[in-house]
Amino acid sequence: MTQASARSLDVPADATIPSRHPKAPGVGERIPPHNPACRGCADVPGGIHMESWVDDDRGEGGDPGVGVAVRSRMAVTDDMQGGPGLIHGGYLMAAFDECLGSVAPLVTRSCVTARLETDFRAPVPVGTTLWLRARLDGVLRRKYFVSAEARLDSEDGPLVGTARALFVQVDLQHFLRHGRAEDLEAIGASAEQIRAARG
Ligand SMILES: CCCCCCCCCCCCCC(=O)SCCNC(=O)CCNC(=O)[C@H](O)C(C)(C)COP(=O)(O)OP(=O)(O)OC[C@H]1O[C@@H](n2cnc3c(N)ncnc32)[C@H](O)[C@@H]1OP(=O)(O)O
């Protein structure tokens, strides 16, 4: 296998799709912020204020619990402007990252974005609402392959963007090792835990 194909976003043939974790929120339930200071999902100044819910992705067989999906909503505000009256592309990518990134934690522990590919299909005016839907396409070892689409103003509105991403599962040490100490302490990590993680 070449290096290029090993790092592809194409779902490997031997990938599986596990069910949601039994302790994960159920279909229709709101997904809580993963960090109270997150600029993606928490209610903090300067954030994109994304709201997300567990979605039903039953697949062809219709089996409950099979398939993992998330639906998200984001108001496109004036301060997200890039072109005149239009969303900046980085905000659309942030919206995708947040929605896509809410999928794997329904199955496993924390994951981080390793790779994100976005197709900008149509301009997104400020003053509108983006509706996104992401689904788990496959899991191989620590790798979670996820895809999403974004629609304008309603769940079946015009398609304005699509995305594919790879999330890699990490343990808490990842955050303890790399995060700023005061932010880790604000969510309950002890100075000793942080020191230990950093060796
Ligand atoms: C107290 C603490 C509280 C914590 C609260 C938690 C809250 C949760 C917060 C949530 C936060 C919100 C979310 C955010 O905001 S995430 C923010 C943005 N993302 C990051 O900061 C991630 C930065 N990158 C890394 O940390 C590392 O590179 C990772 C962890 C991703 C991998 O490095 P690691 O050394 O671990 O693993 P590996 O290199 O052996 O790779 C493993 C596999 O993956 C494949 N691969 C890797 N990269 C790519 C790529 N670019 N394209 C394609 N494939 C790629 C690789 O080929 C291999 O495949 P295979 O050989 O198995 O086939």
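All values derive from a computational prediction rather than experimental measurement.

**Q** Can you walk me through the UniProt feature "domain: Thioesterase" (unreviewed entry) in the protein chain in this structure?
**A** In the UniProt entry, the feature "domain: Thioesterase" (unreviewed entry) is given for residues 85–153. Across residues 85–153 one finds 19% helix and 46% strand; the C-alpha atoms that close the span lie 16 Å apart.

**Q** Looking at this model, I keep getting lost on the sheet that holds strand β4 (residues 129–140). Mind explaining?
**A** Neighbouring strands of a sheet are bound in pairs by backbone hydrogen bonds; such pairs are parallel or else antiparallel. Pairing is antiparallel across the open sheet formed by 6 strands, whose spatial order is β1-β2-β4-β5-β6-β3. Unpaired on one side and paired on the other, β1 (51–55) and β3 (111–120) mark the two borders of the sheet. Taken over all neighbouring pairs, the strand axes of this sheet differ in orientation by 20° on average, direction set aside. Across 5 bridges, the pairing between β1 and strand β2 (residues 69–75) is antiparallel. Considered in β2, the bridge of Val 54 is made with Val 70.

**Q** I tried to follow the pattern of salt bridges on my own but got confused; where do I start?
**A** Any two side chains of opposite charge can pair, on the condition that their charged atoms come close. In the structure shown here, the tally under the stated rule is 11 salt bridges. With a shortest N-O distance of 3.8 Å, Arg 30 and Glu 51 are connected by a salt bridge. You can see Arg 30 sitting in the loop between α1 (3–6) and β1 and its partner Glu 51 sitting in strand β1, a full 21 residues away along the chain. For Arg 30, a relative accessible area of 41% gives the class partly exposed. With a shortest N-O distance of 2.8 Å, Arg 73 and Glu 51 are connected by a salt bridge.

So, how was this worked out
For every chain, the first residue of its written sequence is number 1, and the numbers climb from 1 along that sequence. With pLDDT at 70 or above as the cut-off, local features in this predicted model cover only qualifying residues; side-chain atom pairs require 80 or more to be listed or tallied, and sums for whole chains, interfaces and linings still use all residues. Note: side-chain values were computed over all heavy atoms of the structure, leaving out hydrogens and water. UniProt positions are given in the numbering used here, feature names are shortened, and annotations may be inferred rather than shown by experiment. The helix count covers DSSP runs of H or I at least four residues long, the strand count covers runs of E at least two residues long, and both are numbered beginning at the N terminus. Should DSSP find at least two bridges between two strands, the strands are taken to pair. Angles run from 0 to 180 degrees between N-to-C directions of axes, and those axes are lines fitted to C-alpha atoms, restricted for helices to the stretch in contact. Whenever Lys or Arg places a side-chain nitrogen within 4 Å of a carboxyl oxygen from Asp or Glu, that contact is recorded as a salt bridge. Note on exposure labels: buried denotes an accessible area under 20% of the residue type's maximum, exposed denotes more than 50%, and partly exposed covers the range between, all computed with a 1.4 Å probe on protein chains only.

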